[in-house]
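Okay, here's what each chain looks like letter by letter:
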Amino acid sequence: MRAELLNQPAEVNSNPLKLADIPRPEAAPGEILVQVHVCGVCHTDLHVVEGELREASLPLVPGHQIVGTVAANGDGVMRFKLGERVGIPWLHEACGICEFCQRGQENLCPWARFTGYTAQGGYAEYTTVPEKFAVPIPARFSDVEAAPLLCAGIVGYRSLRLSDLQQGERLGLFGYGGSADLCIQVARHWHCEVFVFTRSPAHQELATKHGAAWVGRAEENPPSNLDRAIIFAPVGSLVPLALGHLRKGGTLCINAIHTSPIPEMPYDLLWGERTIRTVANATRRDAEEFLPLAAEIPIIPDTQLFDLDQANQALQALKHGQINGTAVLQVRH
Ligand SMILES: [Zn+2]
Ligand SMILES: [Zn+2]
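Here the structure is a predicted model, which is why all the values come from computation and not from measurement. (Residues numbered from 1 in each chain as written. Chains lettered and ligands numbered in written order. Predicted model: local features only at pLDDT ≥ 70, side-chain atom pairs only at ≥ 80, totals over all residues. Heavy atoms only, no water.)

Novice: Give a description of the coordination of the zinc ion (ligand 2) that names residues and reports values.
Specialist: Surrounding the zinc ion (ligand 2) are the protein donor atoms C95 (SG), C98 (SG), C101 (SG) and C109 (SG), which sit 2.3 to 2.4 Å from the metal. Coordination at the zinc ion (ligand 2) is tetrahedral, judged from the 4 donor atoms that bind it and the angles of 106 to 114° they form at the metal. All donor residues of the zinc ion (ligand 2) come from one chain, and their arrangement in sequence is C-x2-C-x2-C-x7-C. Residue classification places C101 among the buried residues on the basis of a relative accessible area of 15%. (Donors = N, O, S within 2.8 Å, 3.2 Å for Na, K, Ca; no water. Tetrahedral: all angles 85-135°; square planar, octahedral: opposite > 155°, others 65-115°. Buried < 20%, exposed > 50% of the residue type's maximum accessible area, 1.4 Å probe, protein only.)

In structure tokens:
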């Protein structure tokens, strides 16, 4: 089968992915073989390909926003029929028995494997996944429309969930990338008022289009305080700024794998039972709740298509901020 293979991480401008002909994987017991139709291209892929995330199993097929159809079932598999459409997100597998898995926090499982990082991903014609970790794709979506929902969408939904946002509350979003753009649509569906803090005029415009009641820069004062806030930008200095607008008892959720240091700040900003918490990827529950909700709203993401053999170009465009919406590789024509 054709696959875009990473043998050694390198700067993406040097075209580190090579189009290769490799054996088609086989579904092990408990797994399904998926014929990949499309695979979204995520910032995390960029960090894997460039080696900032250091534990990639090389040689690696990247990609973790996979939409395809079941092409074969391994032994003992009964969840999906052949030909059924499924999605494969970042969480590829978790152990199911550790304390985190038992608590419903399988995203924190120390033995978890991640699609397109520590397990083979979707920049290829076929891939495999344990059947329990594949997600049904609602009929409302085309393959291409569904792909961005599988990462930015699911993680954005978890951020909303962990922020404890209630119907009708006021939400602040700091930073406005793909995840925030999907989040705002869910929050508006829940009749929440949303304030968006971003310095990019293009992002301010997009946020307004998707229902933001107020847009401005992080240093600006919004017209009223926030019940909940989510930070998407990896900028630690946003933490005291966001807390400064958060009401007593409110929640600040940080959705960033890494962030610059959080500056020293007066305790008053946190006092009054304010909560700060972080979001680490997502669980199957997030995926299984979010996709039907996205279909009901509906949320139709903006996408930019590339062919499989243009994976390097797609990553380069992403790195240089030239993608509107989400880049998606078209694998099956
Ligand atoms: Zn991702
Ligand atoms: Zn576990």
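Moving on from the model shown.
Novice: Any details on the packing of aromatic side chains? Residues and values, ideally.
Specialist: Tallying each qualifying case throughout the model produces 8 aromatic pairs. Ring centres of W90 and Y117 lie 5.7 Å apart, and the angle between their planes is 15°; this geometry places the pair in the stacked category. With W90 in the loop between strand 5 (85-88) and strand 6 (91-93) and Y117 in the loop between strand 7 (113-114) and strand 8 (126-130), this pair connects stretches of sequence that are 27 residues apart. Lying across the ring of Y126, R24 places its NZ or CZ 4.4 Å from the centre. Lying over the aromatic face of F133, R284 brings its terminal NZ or CZ to 3.9 Å of the ring centre. (Phe/Tyr/Trp six-rings, centres within 6.5 Å; stacked < 30°, edge-to-face > 60°. Helix = DSSP H or I, 4+ residues; strand = E, 2+ residues; numbered from the N terminus. Lys NZ or Arg CZ within 6 Å of the ring centre and 35° of its normal.)

Novice: Break down the coordination of the zinc ion (ligand 1) for me, with residues and values.
Specialist: On the protein side, the zinc ion (ligand 1) has C42 (SG), H64 (NE2) and C151 (SG) as donor atoms, found 2.0 to 2.2 Å from it. Look at where the donors of the zinc ion (ligand 1) fall in the sequence and you get C-x21-H-x86-C. Of this pair, H64 sits in the loop between helix 1 (43-49) and strand 4 (66-73) while C151 sits in the loop between helix 3 (143-146) and helix 4 (152-162), and the two are 87 residues apart along the sequence. The pair formed by H64 and C151 is uniform in burial state, with each residue classed as buried.

Novice: Can you lay out the sheet that holds strand 14 (residues 246-254) for me, pointing to particular residues and giving the numbers?
Specialist: Strand-to-strand pairing in sheets goes through backbone hydrogen bonds, with the strands running parallel or antiparallel. Taking strand neighbours across the sheet as the criterion, the 6 strands line up as 12-11-10-13-14-15 in an open arrangement whose pairing is parallel. Each edge of the sheet is formed by a strand with only one pairing partner; in this case those strands are strand 12 (214-216) and strand 15 (275-278). Taken over all neighbouring pairs, the strand axes of this sheet differ in orientation by 15° on average, direction set aside. Looking at chain direction, strand 14 and strand 15 are connected through 4 bridges and run parallel. Along strand 15, the bridge assignment pairs T251 with T275. Each of strand 10 (170-174), strand 13 (226-231), strand 14 and strand 15 is contacted by helix 4, which is oriented at about 155° to strand 14, the strand it contacts most. (Pairing = 2+ DSSP bridges. Axes fitted to C-alpha atoms, helices over the stretch in contact; angles between N-to-C directions. Contact = heavy atoms within 4.5 Å.)

Novice: So what's going on with the environment of C98? Residues and values would help.
Specialist: On the secondary structure map, C98 appears in the loop between strand 6 and helix 2 (99-102). By relative accessible area, which is 8% here, C98 ends up buried. Taking the C-alpha atoms as reference points, C98 and G76, separated by 22 residues in sequence, lie 23 Å from one another. Ignoring any residue separated from it by four or fewer positions in sequence, one finds C98 in contact with C109, P110 and W111.

Novice: So what about the pairing of strand 13? Which residues, and what values?
Specialist: The buried fraction of strand 13 amounts to 6 of the 6 residues, a majority that puts the element mostly inside the structure. Summarising the sheet, strand 10 and strand 13 pair through 4 bridges and their orientation is parallel. Among the inter-strand pairings, F174 is bridged to a residue of strand 13, identified as I231. Note: strand 13 against strand 14, 5 bridges, orientation parallel. Pairing of R228 across the sheet is with T251, part of strand 14. Handedness of the crossover joining strand 13 and strand 14 through helix 7 (residues 238-244): right-handed. (Right-handed = clockwise from strand over helix to strand, strands pointing away.)

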